Each structure stands twice: as C-alpha cells, then as structure tokens.
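Structural description and commentary
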Amino acid sequence: MSQRENLPHSDQHLGAGDPETKGTSLKKGTLGLFGIIFFVVAAAAPVAGMTGAFPVAIGIGDGAGAAGMYVAVGIVLLLFSVGYATMSHYVTNTGAFFAYVGRGLGIVPGVGSAFVSTLAYLTVQWGVLGFLAGQLDFYMQAKFSFDIDWWIYAIILIVVVWVLSAMSVDIGAKVLGVFLTIEIIALLVLAFSILFQGGADGIDVGASFNPSNIFAGGLTGGAGIAFAFALASFIGFEATAIYGEESKDPKRTVPKATYISVVFITVLFGIVGLALISGLGAEGVSDKVFEVTAIEGVPLSDPSAVLFSLSTSYVGSWLTELFSIIVLTSLFAAMLAFQNSASRYLFSMGRAGVLSKKLDKVNSRQSPMVAPTVVSILAVILVILAVIFSWDPIYQIFYWFGAVAVIAIVLTEILVSLSVIVYFRRTKEDTRVWNTLIAPILSIIGLVIGEYMLMSRFNLFSGTASGEGGPWEMNTTGWILVLLTFVVFIVGLIVGAVRKDKENYDAVHNFVS
C-alpha cells in the first residue's frame, strides 16, 4: 500500500507538493540525538518549573504529594509517547502534529491541529518573553541599580532569538546544550545536598510518592490542581518530531529522543521535587510554602523563594546567586526552543499550501527564513500592545499566555493520540495492540482529565478569578482566553476546508521515505 493510499479516502486527491529545492527544504542530517533532547528539555525549562509551578502545586495542590504528581503526569505523557513515537516511524515531517493528525483524521482536522499547535508555541513564547523580560528587569535593578522599561529588554531578546533561530539549527542546539547542562547540574547539586543532609525532618519518600498522598483532595480538588500545574511544566517535550527532517536517522532518533526526554524530565522533577519538599519538611509543607513565598502577607507572591532559600540553607549563597542567573538562561533557552517550534509549524503550513508559500523559504544555512521573522514580528506586536494597555510582563503576559499555551498543546496531544488509533486501525501498518491502541487510549483518558482541570482551574493559572475563585469562576478575560484555543481550532478547520484546492501532499508527506 502506498503512502497516498494510507490517507483517509477524502484526502487521496491531494496534489503533489512542489519539488524540494535548496531554497525551500530544511537541512537534513544536522541534529543528532542529544541535539533534539537539548531543544525539548530546554523548552520544559526545569529551573523555571521548579521556581514557578512546583511551589504553587505544593501550596494549593496536594502538598507533599506534588512530587509524586509530577511523576504521575510523566507516566501519562510516556503513554502518549508510545503512540507518538510509533507514528514517527511512518511520518517524518517538520509539521509533526499537523502531519500526524492529517494522516489519521484527514487534512481538515490536521490543519485545525496545526493552527492550535502554532497558537500554543506562539503564546508560550510570549509568556516566556514576558517572564524573562520582567525577571531581567528585576535582576538588573537589584544587582546594578540599572533601571529601564521591561519592554526594552523584550525587544532586545526578540532580536537575539531571531538571529539565533536564523542560524543553522545545530548552532541553537549547542547554545542550549551549554545552558541546559549548567541548569541541570545546579539542580542536582541542590537536590542531593538536601537529600544527603536528611532535609529538615528526614526524607519521607512515602509523603511524596504514596498514591493516597499524590491524589489527596481528589481530581476535582487539590490533586487536580497539582495535576494541571505539573502538566504545564512538561510543555515542550512533544517537539521531538518537529526536528525529524533535520535529524540524523529520524526513524530511530525521534522515538529515542521522545522517550529519553520524557523519562529524563520526569525523573529530574521527581528527584528535585522530593528534595525541595524534604528541605522544607514534608509535614505541613503547604503552610511552609505559604510562609516562605509571602510578600507583605500575600502567599505565593514569590514562589522562587522556595528554591532560593533552600539553596542558601543547604549549599550556600553562591548557589543562590548562580540560580538567579540560571533562571534567566533557562527562560532564554526555552524562548529559543519555542521560537524554533513556532517557526517550523508556519514553515510546514506554507509548504503544504495551507498558508502563503512564502513561509516555506529557507536561508543559505537551510533554516527557515520567513517563518521565524513572522514569529518575531508577532512578538514585537505583542510587546507594543502590552505597552499600550499597560500589561504587566509577568502577572498578565506570562500567566495569560502561558495558560493558553498549555490548553492548546494538550488539545493537540489528544488529537494525535486519536489519530494514532484511527491511522493504524485503517492501515494495519503496525498491529501491536499496546503501541497503537491501549497506550493511546490510556493517554487520551489522562490528557482529557488534564484538559478539564486546566480549563476549570484556568483562573488559578491566569489570574482571572472572579467570585470566590472556585472551578470555572473567572472574569470575561479568563473566558476569552480559555476559549481561544477552540476558536482557533474551528478557524483552522474552516481554513483547511476552504483552501483544499490549494493544499498539497506536503501536509502529510513523509520527507525521508
């Protein structure tokens, strides 16, 4: 059976794509296994996750069970990775989710998922940009009494990231490799220092990893909140397949990179999470987090205070000083990774005829040229809007758009898992029941629960609570943001249907077959 015959019947009419030329094709064989891992782990931004989301998951989530919840979410995403990695053996396309959903459910749902994926990577990059610019402003004022508007830092960051994204993709991987190595070593130094010293009251593994503690409060309460924040901390791992066309031996590299990335991030979060909880003391840890992170009596105002205070107590002020810099490099690495992801989705949609063909142009290094420029222009427009409407770079830009991004990426993961099931039921190319049916079904269940919690507790993520701040209680801004993903998905479906006569086989083509 040919590739074209493996498509849904409604899409077998797709015309051939334009012939590949050096000016419209990505440079193949550029990235090795570790290059891809650097991009996806950097996108997860471990230090940012441990200083931002994790303390909140402890405080208003399931307390000491938060470390175990991060591992539980890792297992759900590992189940997703089974079908995802299996699909990567049959499709290697920088559109990744776009191509996978297109192969399984058809080109129109594929375009819808591509729009949502692009929204996810654009909004998460905007969120990281706001957080990084705000943190850089705080750092420069505190260390050097240098005070300029945050948006100036934002513009400088956009330009630097645009330059790096225009270079060969392996140059970006090398930059991320340096930042990520320092970040992980620092986290592990802190974690093992706390664990070897016995923490505040000894190491209570059961407090963090006993199922009754992990799911304390139930999925509609504390455990659900922790589940949602943990899921947010993993965003970026799914980008392995985006680099398939530029990788060496993608049929082997992409599945390996996916599994290694998920397992590594899960284990890292589990170890560091246990250490942070042990450092504070597992008993009554939520109250301790509230106390440490309070500013003028408002708890969780400075969640990074948990990691910083423990690094000073268990290692020394030198590590705290280093962490204050690593937070910045971690966020910069994530911003570069998401720039690459958003650019490659726009590139793939241009190549497939969904959007303007101008988007599929590459430079002399065979890296996307027009697409990253569009991504950067959109970021500049966001900064201009933020200045006009006086949006705070952290409390509004970061929380608003970061929350939107997680909802969007989980929706696409659900669609991919469904596509895996449909594709292999139809083609019989892989008949392993675990890989093509059971694992995808289990991942759909876990991801649907996560999506529900993300949406119902969106007010906690985005600072858009109204009333008493209970589930689904959010203001107008919150409802606009929480529904944005589904509006964009519908727009993508409409565009996919309207432009069907312009779309071509490149939307779902396997570029290494």
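What counts, and where the lines are drawn
Residues numbered from 1 in each chain as written. Predicted model: local features only at pLDDT ≥ 70, side-chain atom pairs only at ≥ 80, totals over all residues. Heavy atoms only, no water. Phe/Tyr/Trp six-rings, centres within 6.5 Å; stacked < 30°, edge-to-face > 60°. Helix = DSSP H or I, 4+ residues; strand = E, 2+ residues; numbered from the N terminus. Buried < 20%, exposed > 50% of the residue type's maximum accessible area, 1.4 Å probe, protein only. Salt bridge = Lys/Arg side-chain N within 4 Å of Asp/Glu carboxyl O. Lys, Arg positive; Asp, Glu negative; His and termini not counted. Contact = heavy atoms within 4.5 Å. Patch = residues over 30% accessible without salt bridge, like charges linked within 9 Å, V, L, I, M, F, W, Y side chains within 5 Å. Areas by Shrake-Rupley, 256 points an atom, 1.4 Å probe, with all protein chains shown as cover. Axes fitted to C-alpha atoms, helices over the stretch in contact; angles between N-to-C directions. Parallel < 35°, antiparallel > 145°, perpendicular 65-115°, else oblique. Left-handed = near helix turned anticlockwise from the far one by under 90°. Nonpolar A, V, L, I, M, F, W, Y, C, P; charged D, E, K, R; others polar. Core = buried A, V, L, I, M, F, W, Y, C linked by side-chain atoms within 4.5 Å.

With respect to the packing of aromatic side chains
Where two aromatic rings form a pair, the distance of their centres and the angle of their planes describe that pair. With the rule as written, the count across this model stands at 21 aromatic pairs. Plain terms: the ring middles of Tyr-90 and Phe-424 are 5.4 Å apart, the flat faces sit at 70° to each other, and that makes the pair edge-to-face. Note that Tyr-90 is positioned in the loop between α4 (66-88) and α5 (97-105) and Phe-424 in helix α17 (residues 393-427), a separation of 334 residues in sequence. Overall, Tyr-90 belongs to the partly exposed group, its relative accessible area being 23%. Looking at Phe-424, the relative accessible area reads 1%, which means it is buried. The rings of Trp-126, Phe-389, Trp-391, Trp-400 and Phe-401 are connected pair by pair, giving a single aromatic cluster.

A word on the pattern of salt bridges
What the rule picks out here adds up to five salt bridges. Measuring nitrogen to oxygen at the nearest pair gives 2.7 Å for the salt bridge that ties Glu-321 to Lys-143. Note that Glu-321 is positioned in helix α15 (residues 317-351) and Lys-143 in helix α6 (residues 107-144), a separation of 178 residues in sequence. A residue is classified by how much of its surface remains accessible, and Lys-143, at 39% relative accessible area, is partly exposed. Residues Asp-201 and Lys-288 are paired through a salt bridge, measuring 3.8 Å at the closest nitrogen-oxygen approach. Of this pair, Asp-201 sits in the loop between α8 (169-196) and α9 (205-209) while Lys-288 sits in helix α13 (residues 285-293); the two residues are 87 residues apart in sequence, bridging distant segments of the chain. The class for Asp-201 is exposed, based on a relative accessible area of 59%.

A closer look at the side chain of Arg-457
With respect to the helices, strands and loops of the structure, Arg-457 is situated in the loop between α18 (433-456) and α19 (458-462). Buried within the structure, Arg-457 lacks any salt-bridge partner; its nearest side chain of opposite charge belongs to Glu-473, at an N-O separation of 8.1 Å. Non-local contacts of Arg-457, meaning those with residues more than four positions away in its chain, are made with Thr-220, Ile-225, Gly-469, Gly-470 and Pro-471.

Brief notes about unusual backbone geometry
In the Ramachandran plot, Glu-296 falls in the positive-phi region, its phi being about 55° despite a non-glycine side chain. In this structure, Glu-296 sits in the loop between α13 and α14 (305-314).

So, a nonpolar patch on the surface
A surface patch of nonpolar side chains, about 740 Å² in accessible area, is lined by Phe-215, Leu-219, Val-433, Trp-434, Ile-438, Ile-441, Leu-442, Ile-445 and Ile-449. Relative to the helices and strands, Trp-434 is located in helix α18. Assessed through its relative accessible area of 42%, Trp-434 is described here as partly exposed.

With respect to the packing of α6 against helix α16 (residues 370-388)
It is the contact of α6 with α16, at a shortest axis distance of 11 Å, that shows an interaxial angle of 50°. Judged on the interaxial angle alone, α16 and α6 are oblique. Crossing angle aside, the handedness with which α6 passes α16 is right-handed. On α16, the residues touching Leu-122, Gln-125, Trp-126 and Leu-129 of α6 are Val-375, Leu-378, Ala-379, Leu-382 and Val-383. The residue makeup of the contact of α6 with α16, split by class, is eight nonpolar, one polar and no charged.

Re the environment of Asn-435
In this fold, Asn-435 is placed in helix α18. In this structure, the C-alpha to C-alpha distance between Asn-435 and Ile-421, residues 14 residues apart in sequence, is 9.1 Å. The contact partners of Asn-435, leaving out residues within four places of it in the chain, are Val-82, Gly-83, Thr-86, Val-420 and Pro-440.

Here we look at the environment of Leu-493
One can find Leu-493 in helix α20 (residues 476-498). A residue is classified by how much of its surface remains accessible, and Leu-493, at 24% relative accessible area, is partly exposed. Along the primary structure Leu-493 and Val-111 are separated by 382 residues, whereas in three dimensions their C-alpha atoms are 6.2 Å apart. Apart from residues no more than four positions distant in its own chain, Leu-493 is found in contact with Val-108, Pro-109 and Gly-112.

Comments concerning the nonpolar core
One finds Met-50, Phe-54, Tyr-70, Phe-98, Tyr-121 and Phe-323 to be the most contacted residues of the largest nonpolar core, which totals 166 residues. Filtering out sequence-adjacent residues up to four positions away, Tyr-121 remains in contact with Glu-238, Ala-239, Ile-242, Phe-338, Ser-341, Ala-342, Tyr-345 and Ile-409.

Here's the deal with the packing of α14 against α15
Viewed as axis vectors pointing N to C, α14 and α15 meet at an angle of 150°, and their least axial separation amounts to 7 Å. Put simply, α14 runs roughly antiparallel to α15. With respect to the hand of their crossing, α14 and α15 are arranged in right-handed fashion. Along its contact with α14, which presents Leu-307, Phe-308, Ser-311 and Thr-312, the element α15 presents Ser-317, Leu-319, Thr-320, Phe-323, Ser-324 and Val-327.

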